[in-house]
Amino acid sequence: MLSIVMLINRAGSMVLPFLGVYMTDHLNFSIKESGIVLSFYGIGSIIGSWLGGYFTDKYGEYGVQSLSLFLSAPLFLLIPFFPSVIGLSAIILIQSTISETFRPANSVAVSKYARPENLTRAFSLNRMAINLGYSFGPAMGGILSAISYEFLFVTNAVAAVVAGILYVKFFKRRHKIYQYRLQKKQKAESIPENTISKSPYRDVPFILFTVFCGLFSVFFFQFFNTIPIFYKEVVKLDQQTIGYILGYSGFIIALFEMLIVSLADKYLTLARSLFLGAILVAFSYAVLILDTHMITILLSMTVLSLSEILMLPFMSTITALRSSPKTQGAYMGLNGMAFSASFIITPILGTAIAADYGFNTLWSVSAIVLIFSGIALYWIVNRMLPNQKSSHS
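Structural notes, computed from the coordinates. Because the structure is predicted, anything quoted here is derived from the model rather than measured.

Here we look at the overall build of the protein chain
From N to C terminus, the protein chain includes 15 helices and zero strands. Counting over 393 residues, the protein chain shows a buried share of 57%. Considering only residue pairs separated by 6 or more positions, the protein chain has 87% of its internal contacts joining residues 24 or more positions apart. Of the roughly 16300 Å² that the protein chain leaves accessible, carbon and sulfur atoms contribute 68%.

Topic: the packing of helix H12 (residues 270-286) against helix H15 (residues 359-384)
Direction vectors running N to C along H12 and H15 enclose 180°, while the axes themselves pass 8 Å from each other. Our classification of the angle between H12 and H15 gives roughly antiparallel. Facing Leu-270, Ala-271, Arg-272, Leu-274, Phe-275, Ala-278, Ile-279, Val-281, Ala-282, Tyr-285 and Ala-286 of H12, the residues of H15 in contact are Trp-363, Ser-366, Ala-367, Leu-370, Ile-371, Ser-373, Gly-374, Ile-375, Leu-377, Tyr-378, Val-381 and Asn-382. Tallied by class, residues from the contact of H12 with H15 come to 18 nonpolar, four polar and one charged.

Notes on the environment of Asp-203
The residue Asp-203 is located in the loop between helix H8 (150-188) and helix H9 (204-220) in this model. Taking the C-alpha atoms as reference, Asp-203 lies 9.8 Å from Tyr-331; in sequence the two are 128 residues apart. Ignoring any residue separated from it by four or fewer positions in sequence, one finds Asp-203 in contact with Lys-198, Arg-322 and Tyr-331. At 2.8 Å, the side chain of Asp-203 and the side chain of Arg-322 are in polar contact.

Focus on a nonpolar patch on the surface
Taken together, the side chains of Phe-251, Leu-255, Phe-256, Leu-259, Leu-263 and Tyr-267 define a hydrophobic patch exposed on the protein surface, amounting to about 620 Å² of accessible area. What makes Leu-263 partly exposed here is its relative accessible area of 43%.

Points about the packing of aromatic side chains
Counted by the stated rule, this structure contains 15 aromatic pairs. Between the aromatic rings of Trp-50 and Tyr-54, the centroid separation amounts to 5.7 Å while the plane-to-plane angle is 10°, which identifies the pairing as stacked. Here Trp-50 pairs with Tyr-54, and both are found in helix H3 (residues 31-59), just four residues apart, close to one helical turn. With a relative accessible area of 41%, Trp-50 lands in the partly exposed category. With relative accessibility at 42%, the residue Tyr-54 sits in the partly exposed group. Counting every residue linked through ring pairs, the aromatic cluster contains Phe-230, Tyr-231, Tyr-285, Phe-359 and Trp-363.

Here's the deal with the pattern of salt bridges
For the structure shown, the criterion picks out two salt bridges. Note that Asp-203 and Arg-322 form a salt bridge whose closest N and O atoms lie 2.8 Å from each other. Of this pair, Asp-203 sits in the loop between H8 and H9 while Arg-322 sits in helix H13 (residues 294-322); the two residues are 119 residues apart in sequence, bridging distant segments of the chain. Taken as a pair, Asp-203 and Arg-322 share a single burial class, namely buried.

A word on unusual backbone geometry
The residue Asn-28 is not glycine, and still its phi comes out positive at about 60°. A positive phi angle, near 65°, is found at Lys-236, a position not held by glycine.

Side note on the nonpolar core
With 83 residues, the main nonpolar core has Leu-88, Phe-209, Tyr-231 and Met-315 as its most contacted residues. Per-element tally for this core: the top contributor is H15, with 11 residues. Residues within four places of Met-315 in sequence aside, it is in contact with Phe-209, Cys-213, Phe-216, Leu-274, Phe-339 and Leu-377.

Points about the side chain of Asp-203
Asp-203 sits in the buried class, given a relative accessible area of 5%. A distance of 2.8 Å separates polar atoms of two side chains, one belonging to Asp-203 and the other to Tyr-331.

Regarding the packing of helix H14 (residues 328-357) against H15
Where H14 contacts H15, the two axes come as close as 7 Å, and the packing angle between them is 135°. Relative to H15, H14 is oriented oblique. Facing Gly-350, Ile-353, Ala-354 and Tyr-357 of H14, the residues of H15 in contact are Phe-359, Thr-361 and Leu-362. Counted by class, the contact of H14 with H15 contains five nonpolar, two polar and no charged residues.

The rules behind each value
- Residues numbered from 1 in each chain as written.
- Predicted model: local features only at pLDDT ≥ 70, side-chain atom pairs only at ≥ 80, totals over all residues.
- Heavy atoms only, no water.
- Helix = DSSP H or I, 4+ residues; strand = E, 2+ residues; numbered from the N terminus.
- Buried < 20%, exposed > 50% of the residue type's maximum accessible area, 1.4 Å probe, protein only.
- Contact = heavy atoms within 4.5 Å.
- Areas by Shrake-Rupley, 256 points an atom, 1.4 Å probe, with all protein chains shown as cover.
- Axes fitted to C-alpha atoms, helices over the stretch in contact; angles between N-to-C directions.
- Parallel < 35°, antiparallel > 145°, perpendicular 65-115°, else oblique.
- Nonpolar A, V, L, I, M, F, W, Y, C, P; charged D, E, K, R; others polar.
- Polar contact = N/O pair within 3.5 Å; in protein donor to acceptor, adjacent residues only side chain to side chain.
- Patch = residues over 30% accessible without salt bridge, like charges linked within 9 Å, V, L, I, M, F, W, Y side chains within 5 Å.
- Salt bridge = Lys/Arg side-chain N within 4 Å of Asp/Glu carboxyl O.
- Phe/Tyr/Trp six-rings, centres within 6.5 Å; stacked < 30°, edge-to-face > 60°.
- Core = buried A, V, L, I, M, F, W, Y, C linked by side-chain atoms within 4.5 Å.

In structure tokens:
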């Protein structure tokens, strides 16, 4: 049911991929102005990730997820009423703060309800729902935005409300039962002494891991920022086609995620999965330097989608393995902040490089940094969890 709620919520998440296009095409913002506004999504995302982790450890994931879904809905409806750079930045900051508290709470829920030996598969199933939603969402977003951009914000709001109603209806009673059983299990099992009160903010290897995750994310998450602008400004694609390509990415991930995760789980360590994934992401951006034919674009998006499978669910697994039951929210929140930071840096850095030096320079720099981040992640994960696979029963 967590995955179904996530599917409905993310199916409506069509604003972010089209926000840059909305600003440059509809509001006539410059590329740099749109980058500034998009960076405020990242600021709110950092605040939301921290708050989500804090409140999840303090009050539980049920309340955080339900409030995030219901409070974010009206904020989506307010976005079209702020057409200036300052106004749009402010409303995006508030909206992303509220909506991103959902992420660490949801990750904690997945790690709580999943069996230890199925942890990565559980994260993968949840991500498969996310990407099924993203496959429908951007495709729908492309169609709706061609009619009116306002439809994007209304659809996002409706999806958030529907997801919230389903979540509360299904989990209101089950949450109490799960909490009771979890407390009994924790009392019955012996927890290693060094994990009882471990804080992520004093866990130096994990902090390094988080920094390297953030470095990777800065260049990976151009998918949400500069890639749609690149498609619009350089490749000259319309909104519908951009939506179909972004939707194709979600479809590829949903189709192959469980298979690739199972194979990686069987044949690769966590460190090797991250290294291979980062190298493939670098390749996916590097090929865009060659030409802008549709075959090249689809090849790039296919490789990017498949490489994402080797990165994001395993990062969540590593975070869950490193934390203790009492600090899962804080660990998920801190790791989420690394990804959120990319939403500040990526739009500003990516649009600035593209505007001043061209997109080919952006893709070259991205490939180099992604390769470095892959090597760094391989090194730190081997220090944290040497030869560890995601199956750890």
